[in-house]
Amino acid sequence: MVDFEVVDLPASDHPAVGDTAPDFTRPLVDEEYWEDVALSDLTDEGPVLLLFHPMDGAFPATYLWNAVRDHGLPEQIQVVGVSISSPYEHKTLLAERDVDARLYSDPGAGVAEAYDIENPLDGMTGVTEHRPAVFLVDGDRTVQYAWVAQEWPEFPDYDDVADAVAEHA
């Protein structure tokens, strides 16, 4: 059993509802391959539910993807994850967890920095990951829903996320 304590995270100046979500280009991984894709390329196709999560092997990532699947979100909207995990780790997560989504690989946490959702890991000098966060962005990259963890660990209200998707998808 892993022991952890609840930790307050620093304040975040993340994109809020009505803001334009920062664009970025990173490797986008699916079950077959990966290639560099800009977020704006995805939003050109329609709204995107952007899920930031810790590295793929961490329990919050597993919990998040299970909840997304259980709420049927991938059937309603493009669901795209972002974490520091490599494309190889993402392919494993997609296969093992039966995740119906694509995942951006952001090992340098530059996207986390652009969204102001970095989480420097205690005891791991130089390692920063993404704090859990959810952004629903429309075709113009306007944020329609935003949730960012204020403590570790913390999870969004998945019913609220599903309601936002139903309203904007």
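Residues numbered from 1 in each chain as written. Predicted model: local features only at pLDDT ≥ 70, side-chain atom pairs only at ≥ 80, totals over all residues. Heavy atoms only, no water.

Enquirer: Explain helix 2 (residues 59-70) to me, and be specific about the residues and the numbers.
Expert: Since one α-helical turn is 3.6 residues long, residues separated by three or four positions face the same way. With 12 residues, helix 2 should reach 16 Å at 1.5 Å per residue; the first-to-last C-alpha distance of 16 Å fits that figure. At its buried positions, helix 2 is contacted by strand 4 (48-52), strand 5 (78-83), helix 3 (87-97), strand 6 (102-105), strand 11 (151-152) and helix 5 (158-168). Just past helix 2, the residue G72 takes up positive phi, approximately 65°. (Helix = DSSP H or I, 4+ residues; strand = E, 2+ residues; numbered from the N terminus. Expected span 1.5 Å × (residues − 1). Contact = heavy atoms within 4.5 Å.)

Enquirer: Account for the sheet that holds strand 6, with residues named and values stated.
Expert: Spatially, the seven strands line up as an open sheet ordered 3-2-6-5-4-9-10, and their pairing is mixed. Only two strands of the sheet have a single neighbouring strand rather than two, namely strand 3 (34-38) and strand 10 (143-148). Geometrically, the sheet is characterised by an average inter-axis angle of 25° between neighbouring strands, direction not taken into account. Bridge count between strand 5 and strand 6: four bridges; the pairing is parallel. Within strand 6, the residue paired with V80 across the bridge is R102. On the sheet, helix 2 packs against strand 4, strand 5 and strand 6 and is oriented at approximately 180° with respect to strand 5. (Pairing = 2+ DSSP bridges. Axes fitted to C-alpha atoms, helices over the stretch in contact; angles between N-to-C directions.)

Enquirer: Residue-level account of helix 5, with values.
Expert: Regarding helix 5, the residues found buried are Y158, V161, A162, A164 and V165. Along the axis of helix 5, the buried positions cluster into a sector of 160°, meaning they face one direction only. Every exposed residue of helix 5 that faces more than 90 degrees away from the buried side is listed here: D163, A166 and E167. The N-terminus of helix 5 is capped by D157, whose side-chain oxygen sits 2.9 Å from the backbone nitrogen of D159. (Buried < 20%, exposed > 50% of the residue type's maximum accessible area, 1.4 Å probe, protein only. Arc of directions from axis to C-beta. Polar contact = N/O pair within 3.5 Å; in protein donor to acceptor, adjacent residues only side chain to side chain.)

Enquirer: With reference to specific residues and values, describe the pairing of strand 6.
Expert: Of the strand pairs in this sheet, strand 2 (residues 25-29) and strand 6 are connected by two bridges, and their pairing is antiparallel. Bridge pairing in strand 6 places L28 opposite Y104. Handedness of the β-α-β unit built from strand 5, helix 3 and strand 6 comes out right-handed. (Right-handed = clockwise from strand over helix to strand, strands pointing away.)

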